[in-house]
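Residue strings, one per chain:
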Amino acid sequence: MGPGPSNPYPEVIEAFTRPVMGHLDGVFLELLDETCDRLRAVFRTDNALTFPVSGTGSAGMEAAFVNVISEGQTVVVGVNGVFGERMCDVAARCDANVVRVDADWGTPLDPQRILDAHPAPAVIAVVHAETSTGVRNDLAELGSAKGDALLLADCVTSLGGIDVRLDDWGVDIAYSGTQKCLGVPPGLAPVSVSARAMERFRCRPQSWYFDMGMIADYVAARGARAYHHTAPISMIYALHAGLGVVLDEGLEAAHRRHQHCGDLLQAGLEARGLTLVPPAEARLPQLTSVRVPESRLPRGMGEADVRRMLLDRYGIEIGGGLGPWAGQCWRIGSMGHTARRRNVTLVLAALDEVLD
């Protein structure tokens, strides 16, 4: 139960045992098409250009930015954690004029401040579920009032765990990762791009590999394919299987399961006298940030020592704080196959044994 990769669904593990075929084999292309259809379902979008980028979530972030940003364009970025900071870095590398809208770590972004930050930005970029803090940021209000700007959203930790509605919310470009709530090992970055955003694709983005105009020829059209790069066959198998598990369960049911586990965990932590960081109305159920006072740690042990003990003794992996929260809080993930009541019970029981 950490902020990183969760245990894969059993169906995903089985998918890795399938024989590897050629990346232009007709059978594989059919499976890739079906995987893209399943991604549209979990993103809740009709976007034709919806596909898995070969790379982790940060590859999805870079692909999203390099294809629509030109030198000197203004990009407004909401920043309340590590991944908002990373968005600023990527946009700056595209030679954009980056306008930051900061909020304190552990607090949600104010959509109106973001909308008021610049009169005519090319892109508004926000992390939907900030992995470094466990905070949920609003996308619907930004989408309804974005004007001519493109709305770009990081959905790495949200997709499959909480509600994501690209079309209803007016999100133009979204990217995610496989290792969080989709219950698949890391290695792919699901991406979805609206027709409106495709109209603003750069003819020649800075990256060849992440040129989505070229990739669109390979992925979005059924039938004949233009070669772009060699797809990671086994990872596509795994994503296809993981999405199948989520859709068979039902998106609403999967969201309820994550919410139930998050509620149990957070109530249990508070009952043990620990302080949750984000305000209740902005907390993610799938990732919980909690402060653990030094006074509660075993004598002579730091918080990292206790996390190591939890891993070695109980097989429980808890993430430490990032950035200014390093050494000050823990991040406990409950995502994908890991989001089960029995795992929450185990974590709370283990904390009862190790904390003073």
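Residues numbered from 1 in each chain as written. Predicted model: local features only at pLDDT ≥ 70, side-chain atom pairs only at ≥ 80, totals over all residues. Heavy atoms only, no water.

A. Structural context of the packing of aromatic side chains. Evaluation of the coordinates by the stated rule reveals 2 aromatic pairs. Ring geometry for Trp105 versus Trp325: centroids 5.9 Å apart, planes at 70 degrees, classification edge-to-face. With Trp105 in the loop between strand S3 (97-102) and helix H5 (111-116) and Trp325 in the loop between strand S12 (319-320) and strand S13 (329-333), this residue pair connects regions lying 220 residues apart in the sequence. No difference in accessibility class separates Trp105 from Trp325, as the two residues are buried. Here the aromatic rings of Tyr209 and Phe210 are separated by 5.2 Å at their centres, their planes lie at 70 degrees, and the arrangement is edge-to-face. Classification of Tyr209 by relative accessible area gives partly exposed; the value is 32%. One residue, Arg18, lies across the ring of Tyr237, its end atom 4.5 Å from the ring centre. The ring of Trp325 has Arg291 sitting right over it, with the charged end atom 5.4 Å from the ring centre. (Phe/Tyr/Trp six-rings, centres within 6.5 Å; stacked < 30°, edge-to-face > 60°. Helix = DSSP H or I, 4+ residues; strand = E, 2+ residues; numbered from the N terminus. Buried < 20%, exposed > 50% of the residue type's maximum accessible area, 1.4 Å probe, protein only. Lys NZ or Arg CZ within 6 Å of the ring centre and 35° of its normal.)

B. Summary view of the nonpolar core. With 92 residues, the main nonpolar core has Phe65, Ile69, Met87, Val123 and Leu152 as its most contacted residues. The element contributing the most residues to this core is helix H10 (residues 233-249), with 10 residues. If we ignore the near neighbours within four places in the chain, the residues touching Phe65 are Val75, Met87, Val90, Ala91, Cys94, Ala125 and Leu152. The next biggest cluster of nonpolar side chains, apart from the first, holds 23 residues, and it includes Cys261, Val290, Ile332 and Leu348. (Core = buried A, V, L, I, M, F, W, Y, C linked by side-chain atoms within 4.5 Å. Contact = heavy atoms within 4.5 Å.)

C. Main features of the pairing of strand S11 (residues 287-291). Of all 5 residues that make up S11, 4 are buried, and the element is covered over most of its length. One ladder, built from 2 bridges, connects strand S10 (residues 275-276) with S11; its direction is antiparallel. Looking at the pairing, Leu276 lines up with Val290 of S11. In the sheet, S11 pairs with S13 via 5 bridges, with the strands oriented antiparallel. Paired with Leu287 across the strands is Gly333, a residue of S13. (Pairing = 2+ DSSP bridges.)

D. Geometry of the state of the cysteines. Counted under the stated rule, the structure contains 0 disulfides. Free cysteine: Cys181, not disulfide-bonded; nearest cysteine sulfur from Cys261 at 11 Å. Cysteine Cys203 shares no disulfide, and the gap to the nearest cysteine sulfur, in Cys94, comes to 16 Å. (Disulfide = S-S within 2.5 Å.)

E. Just the pattern of salt bridges, in detail. Inspection of every chain in the model, using the stated rule, returns 17 salt bridges. Where Arg272 meets Asp352, a salt bridge forms, and the shortest distance between an N and an O atom there is 2.7 Å. One end of the pair, Arg272, is in the loop between helix H11 (251-271) and S10; the other, Asp352, is in helix H13 (residues 341-354), and 80 residues separate them in sequence. Under the relative-accessibility criterion, Asp352 is labelled partly exposed at 46%. Each of the salt bridges in this network shares a partner with another, and the network as a whole consists of Arg44, Asp163, Arg165, Asp168 and Glu252. (Salt bridge = Lys/Arg side-chain N within 4 Å of Asp/Glu carboxyl O.)

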